Amino acid sequence: MHQSTSFSAESYFATQSAPPSLAQDIADVQAFVARQAAANRNVVLVTSGGTTVPLELNVVRFLDNFSAGTRGATSAEYFLKAGYAVIFMHRQFSLQPFSRHYSHSTNPFLDFLAVEGEGDGDGTVGITADKRTDADLLAVLTAYKGVQMAGSLHTLTFVTVNDYLWLLRAVSQELSLLRRRAMYYLAAAVSDFFLPRQKMSEHKIQSGKGSLHIEMDQVPKVLKPMVEEWTRDGFIVSFKLETDDRLLIPKARAALERYGHQVVIGNDLHTRKMQVVFVERKRKPLPPLPPEENAGPLPPPKSPADAHGAGEETESMTFVESWLRITPPAATTSTQVKEIEEDIVAELVRRHAAWIVHDR
Ligand code: 9Z3
């Protein structure tokens with residue numbers, strides 16, 4: 001495979017078609033954002049899961065990006081717990097907040113249910129949660145129902161990288177209404193390459209001609225227009241995924257330099273559930289929060305450097321890196337184990353609060 005030219009964001013949106021559901025999705029997001037603004041809630045856009053790149057217009061084959069959606073779905077739950085409203089923009093069929101605990105492949109929901117009694121003569125039987133698991137199930141169910149009652153979770157789906165880009169632009173523009181109270185948490189695994197529709201074969205690519213050569217174009221780097229045009233003063237967090245961990249910090253720094261957003265969270269594919277690194281530009285120390293701002297509803301989260309006594313902070317001339325690590329779970333009878341997203345979100349909530357108050 002060779003690579004080809006790169007699209008600017010502008011030329012991308014001028015030449016690639018919007019998904020058919022976009023107008024409806026925008027209207028729904030607009031209504032959601034207006035309700036959250038009225039309720040005085042901070043809102044976070046969480047993107048989650050991998051994007052596909054179709055190879056044919058009548059798509060039979062596509063490239064995919066690795067991601068189960070665990071990072072996004074788990075983080076969304078912790079943001080909700082911290083009082084945020086969440087726009088959860090995820091790959092169709094990837095993990096979702098709450099239902100992720102009962103994923104069909106790792107923890108099938110039906111295994112938690114039991115049939116009660118023999119029926120009462122009219123053919124009906126009761127269904128109960130298995131007694132061994134109902135404490136965990138109850139906690140998840142209670143949180144889920146609470147979020148439904150509060151109307152604080154809105155879900156959107158994408159499949160292709162094209163769906164993702166159109167939705168990201170539209171949702172960012174709607175959310176920018178909230179200015180500094182909006183956070184953007186970009187955990188989706190986004191393809192770097194795509195096939196413009198003008199170059200796609202209409203029908204299934206035939207195998208008769210032997211090996212397949214595909215020239216792909218570069219997906220536009222949308223973080224730049226996102227920072228400069230689509231959002232106004234929002235707090236933007238992107239993730240950087242590498243498989244060679246020596247590249248994590250240099251690539252994260254380069255992204256911050258190029259796009260000018262607030263935080264890059266670096267993670268290595270193999271250790272991503274146990275450690276991540278926060279990379280940001282170096283700042284002057286913050287003045288203390290005024291007392292009334294300090295007394296918000298959120299508990300004071302720990303900083304990554306001291307979260308588990310395992311973090312460390314290093315500084316260069318312009319960047320600060322802080323590692324956030326969790327220790328492997330001890331043997332436990334509960335299915336509830338410590339999740340690194342709890343600490344990632346606590347740290348971001350703290351930084352976002354400072355961003356709102358201090359304008360930086
Ligand atoms: C991530 O790095 C996510 O943390 C993971 C989460 C995809 C590793 P899972 O869903 O995995 O829990 O299985 N997301 C960002 C990946 C990405 O595409 N980043 C771009 C890049 O690295 C920049 S936005 O160039």
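Keep in mind that this is a model prediction, so the values were computed, not measured.

Scoring rules and cut-offs
- Residues numbered from 1 in each chain as written.
- Predicted model: local features only at pLDDT ≥ 70, side-chain atom pairs only at ≥ 80, totals over all residues.
- Near = placed C-beta within 6 Å.
- Helix = DSSP H or I, 4+ residues; strand = E, 2+ residues; numbered from the N terminus.
- Nonpolar A, V, L, I, M, F, W, Y, C, P; charged D, E, K, R; others polar.
- Domains from an automatic or database assignment.
- Axes fitted to C-alpha atoms, helices over the stretch in contact; angles between N-to-C directions.
- Parallel < 35°, antiparallel > 145°, perpendicular 65-115°, else oblique.
- Left-handed = near helix turned anticlockwise from the far one by under 90°.
- Contact = placed C-beta atoms within 7 Å.
- UniProt positions renumbered as here; feature names shortened; annotations may be inferred.
- pLDDT = per-residue confidence, 0-100.
- Buried ≥ 20, exposed ≤ 12 C-beta atoms within 10 Å, placed from the backbone.
- Expected span 1.5 Å × (residues − 1).

Near the ligand, the surroundings consist of 15 residues, among which Ser67, Thr70, Arg71, Phe239 and Leu241 are the closest. Among the elements of the structure, α3 (70-81) and β12 (235-242) are those that each provide at least two residues to the shell around the ligand. Ranked by residue count, the leading element in the shell around the ligand is β12, at 4 residues. A per-class count over the shell around the ligand returns 7 nonpolar, 5 polar and 3 charged. Residue-level mapping places the shell around the ligand at the junction of two domains, with at least three residues from each of domain 1 (1-99 + 147-233) and domain 2 (238-360).

Our next topic: the packing of helix α2 (residues 22-38) against helix α5 (residues 161-175). Helix-helix packing is characterised by the crossing angle of the two axes and by the distance between the axes. Relative orientation of the contacting elements α2 and α5 amounts to 30°, with a least axis distance of 10 Å. Considered as vectors, α2 and α5 are oriented roughly parallel to each other. The chirality of how α2 crosses α5 is right-handed. Contact with α2, carried on its side by Leu22, Asp25, Ile26, Val29, Gln30 and Val33, involves Trp166, Leu167, Ala170, Val171, Glu174 and Leu175 of α5 and no other residues of that element. The residue inventory of the contact of α2 with α5, partitioned by class, reads 9 nonpolar, 1 polar and 2 charged.

Per the UniProt record, "domain: DNA/pantothenate metabolism flavoprotein C-terminal" (unreviewed entry) is found at residues 168-273. Strand forms 24% of residues 168-273 and helix 26%; the C-alpha atoms that close the span are 25 Å apart.

This part takes up the environment of Asp64. Following the sequence through the fold, Asp64 ends up in strand β4 (residues 62-64). Considering only alpha carbons, one finds Asp64 and Val159, 95 residues apart in sequence, at a separation of 9.6 Å. Residues in contact with Asp64, not counting those within four places in the same chain, are Gly50 and Thr52.

On to the domain arrangement of the protein chain, then. Considered domain by domain, the protein chain is made up of domain 1 (1-99 + 147-233) and domain 2 (238-360). Taken together, the contact pairs 17 residues of domain 1 with 18 residues of domain 2. The set of elements that each furnish at least two residues to the side of domain 1 that touches domain 2 consists of α3, β9 (182-186) and α6 (223-230). A total of 5 residues in the side of domain 1 that touches domain 2 trace back to one element, the largest contributor, which is α3. A class-by-class count of the residues in the side of domain 1 that touches domain 2 yields 9 nonpolar, 4 polar and 4 charged.

For the protein chain, per-residue confidence averages 88 on the pLDDT scale, and 86% of positions sit at 70 or higher. Note that residues 293-302 has pLDDT below 50 and, in this model, 14 contacts with residues that lie over four places away or in other chains. Considering only residues more than four positions removed or in separate chains, one finds that residues 304-309, a stretch of pLDDT under 50, has 18 contacts. Here the prediction assigns the complex a pTM of 0.89, and the interface score ipTM is 0.96.

What follows deals with unusual backbone geometry. Phi is positive for Asn40, close to 60°, though the residue is something other than glycine. Here the phi dihedral of Phe98 falls at roughly 70°; this positive angle occurs in a residue that is not glycine. For Phe98, a count of 19 C-beta atoms within 10 Å puts it in the partly exposed group.

Here the focus is the packing of α3 against helix α9 (residues 340-358). Contact geometry for α3 and α9: axes closest at 9 Å, N-to-C directions at 55°. Taken together, α3 and α9 sit at an angle that is classed as oblique. Regarding α3 and α9, the two cross each other, and that crossing is right-handed. Of α9, the residues touching α3 (which contributes Arg71, Thr74, Ser75, Tyr78 and Phe79) are Glu341, Glu342, Ile344 and Val345. Here the contact of α3 with α9 is composed, by residue class, of 4 nonpolar, 2 polar and 3 charged.

What follows deals with α3. With 12 residues, α3 extends 17 Å from end C-alpha to end C-alpha; this agrees with the ideal 16 Å at 1.5 Å per step. α3 sits mainly inside the fold: 10 of its 12 residues count as buried. The complete set of buried residues in α3 reads Arg71, Gly72, Ala73, Thr74, Ser75, Ala76, Glu77, Tyr78, Phe79 and Leu80. Its buried side turned inward, α3 meets β2 (43-48), β5 (85-91), α4 (134-150), β8 (153-158), β9 and α9. A positive phi of about 95° marks Gly83, the residue just after α3.

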